[in-house]
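Structure assessment
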Amino acid sequence: MEQKEMAKTRLIIYVLMAYGLTCLMGILMWYGSTKGYDLTVFPTAQMMYPAAGVIIGLFLAHKGEKILPAGFFITVLATTGVLIVLALLSVFLPVNDLNIAGMTMSVYNLISQYILIIGSIVALVFLAVAGNEKRAAAGLTRQNWKSAVLIVLAFVGIYIVRTVVSVAVQGVSDGSGMQYVKEWAAMFKNPMMWLNIAALPINYFFVFIAFFGEEYGWRYYLQPVLQKRFGLRAGVIILGVVWGLWHIPDDLFYYTQTSGIQMIFAQQITCISLGIFFAYAYMKTQNIWVPVCLHYLNNNLIPIISGTFSADVLENQTVSWKDLPVALVLNGLCFGFFLLADVFKKKEVQEEE
């Protein structure tokens, strides 16, 4: 009974952190959007909430025990707290933007990038010195790397194929033939393209904490909970839905200003399909760092493939209704079919401790 009560308490803490805090900050995002403030820090901070909820629950469950990587966890919580403060300051104490090398950037956004870098480096150090036992107790072991590498490479390949097909379909629908594909292929002649590709594995170690912030909550904690309750396949689909709903404040006030409803539906397609592949990767390897890496690649390949080489490409997008069926089919074929993989045919799922 005590174990069940603790599991219930941990779930409540997780929901309050991942969803309650997101809703509260979403109200501030709405306020900031009405004032025209830069809201870039909000999505960054929001990525940290799921892991913060899991970590607080773990500390409570193991109170007085020294079996967790406390230094690593405290670093994640501290980084989350600082990002929340920066997000609050961006709407309550806005300052003029900076102009750096011809690019306009919010002061708070710039500070948040340094916070992510510092947090990631410090977290890596604490994780390295924590020892195998503490890493294992927190589900942070690095294992099955052969399978992990193959899955990451497969994801990159599928991602590129999906992009090529997507731009080709858009070119046909717009009546411009293969123009989009040719323009996209021409980008590979740009040295900046290759420089950014080469920098991807290096940059990961300087910003990984944000992607850990999401995946430790979604894949490590909530996925087993939902799979145990609803089954391996249904649990993952439900997780994709709730993951997509969690993005609503970003969908309405950051990713787009003109097509919020369409963006919400597009987010559902993305989160359900990617959630299936991320779940497959985690179940196949039992290595949380694999979905963390996949999440990082998914977000950071977008600026490269778009040719902008800037995360600004994610902001103020326009999504039309006619884009959704194409996205549904492509994502379903590319990632959704992994729901048929052998790992989803097992009859039992074991929740994290």
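Calculation rules
Residues numbered from 1 in each chain as written. Predicted model: local features only at pLDDT ≥ 70, side-chain atom pairs only at ≥ 80, totals over all residues. Heavy atoms only, no water. Phe/Tyr/Trp six-rings, centres within 6.5 Å; stacked < 30°, edge-to-face > 60°. Helix = DSSP H or I, 4+ residues; strand = E, 2+ residues; numbered from the N terminus. Buried < 20%, exposed > 50% of the residue type's maximum accessible area, 1.4 Å probe, protein only. Lys NZ or Arg CZ within 6 Å of the ring centre and 35° of its normal. Contact = heavy atoms within 4.5 Å. Patch = residues over 30% accessible without salt bridge, like charges linked within 9 Å, V, L, I, M, F, W, Y side chains within 5 Å. Areas by Shrake-Rupley, 256 points an atom, 1.4 Å probe, with all protein chains shown as cover. Salt bridge = Lys/Arg side-chain N within 4 Å of Asp/Glu carboxyl O. Axes fitted to C-alpha atoms, helices over the stretch in contact; angles between N-to-C directions. Nonpolar A, V, L, I, M, F, W, Y, C, P; charged D, E, K, R; others polar. Core = buried A, V, L, I, M, F, W, Y, C linked by side-chain atoms within 4.5 Å. Domains from an automatic or database assignment.

1. Structural notes on the packing of aromatic side chains
Where two aromatic rings form a pair, the distance of their centres and the angle of their planes describe that pair. Using the criterion set out here, one finds 29 aromatic pairs in the structure. On the basis of an interplanar angle of 25° and a centroid distance of 4.7 Å, the ring pair of Phe-212 and Tyr-216 is categorised as stacked. Here Phe-212 and its partner Tyr-216 are both found in helix α9 (residues 191-230), four residues apart, which amounts to about one turn of the helix. On the basis of relative accessible area, Tyr-216 is assigned to the buried category, the value being 0%. Ring-pair connections join several aromatic residues into one group, and the members of that group are Phe-59, Phe-72, Phe-73, Tyr-204, Phe-205, Phe-208, Phe-211, Phe-212, Tyr-216, Tyr-220, Trp-289 and Tyr-296. The ring of Trp-243 carries the charged tip of Arg-219 above its face, separated from the ring centre by 4.4 Å. A cation sits over an aromatic face here: Arg-229 above Phe-230, 5.0 Å from the ring centre.

2. Some details on helix α11 (residues 248-255)
The buried fraction of α11 is high, at six of eight residues. Of all the residues in α11, the buried ones are Pro-249, Asp-250, Asp-251, Phe-253, Tyr-254 and Tyr-255. In this fold, the buried residues of α11 make contact with α1 (2-35), α2 (41-46), α10 (232-246) and α12 (260-285).

3. Things to note about a nonpolar patch on the surface
On the surface, a nonpolar cluster with roughly 940 Å² of combined accessible area is contributed by Tyr-114, Ile-118, Ile-121, Val-122, Val-125, Phe-126, Val-129, Ile-202, Phe-205 and Phe-206. Secondary-structure elements contributing two or more residues to the nonpolar patch are α5 (107-130) and α9. It is α5 that provides the largest number of residues to the nonpolar patch, a total of seven residues.

4. Things to note about the pattern of salt bridges
If you walk through the whole model with that rule in mind, you get two salt bridges. Here Glu-215 and Arg-219 are joined by a salt bridge, their closest N and O atoms 2.6 Å apart. Of this pair, Glu-215 and Arg-219 both sit in helix α9, separated by four residues, roughly a single helical turn. Pair check on accessibility: Glu-215 and Arg-219 agree, each one buried. Across the salt bridge formed by Asp-342 and Lys-345, the nearest N and O atoms sit 3.5 Å from each other. Lys-345 carries the same exposure label as Asp-342, and that label is exposed.

5. Some details on the side chain of Gln-268
Residue placement: Gln-268 occurs in helix α12. Non-local contacts of Gln-268, meaning those with residues more than four positions away in its chain, are made with Gly-240, Val-241, Gly-244 and Leu-245.

6. Comments concerning the environment of Gln-143
Tracing the sequence through the fold places Gln-143 in the loop between α6 (132-137) and α7 (145-173). By relative accessible area, Gln-143 is classed as partly exposed at 31%. Along the chain, Gln-143 and Gln-286 lie 143 residues apart, while their C-alpha atoms are 7.4 Å from each other.

7. Some words on the packing of helix α3 (residues 49-61) against α9
Close contact between α3 and α9 brings their axes to 6 Å; oriented N to C, the two are set at 60°. Facing Pro-50, Ala-51, Val-54, Ile-55 and Leu-58 of α3, the residues of α9 in contact are Phe-212, Gly-213, Glu-214, Tyr-216, Gly-217, Trp-218, Tyr-220 and Tyr-221. Residue classes in the contact of α3 with α9 are distributed as 10 nonpolar, two polar and one charged.

8. Side note on the nonpolar core
Phe-72, Leu-140, Phe-212, Tyr-216, Phe-277, Trp-289 and Phe-344 are the most contacted members of the largest nonpolar core, which totals 99 residues. The element contributing the most residues to this core is α9, with 16 residues. The two domains that each donate at least three residues to this core are domain 1 (1-139) and domain 2 (142-352). Setting aside anything within four residues of it in sequence, one finds Trp-289 in contact with Phe-72, Leu-127, Leu-140, Thr-141, Arg-142, Trp-145, Tyr-204, Phe-208 and Phe-212.

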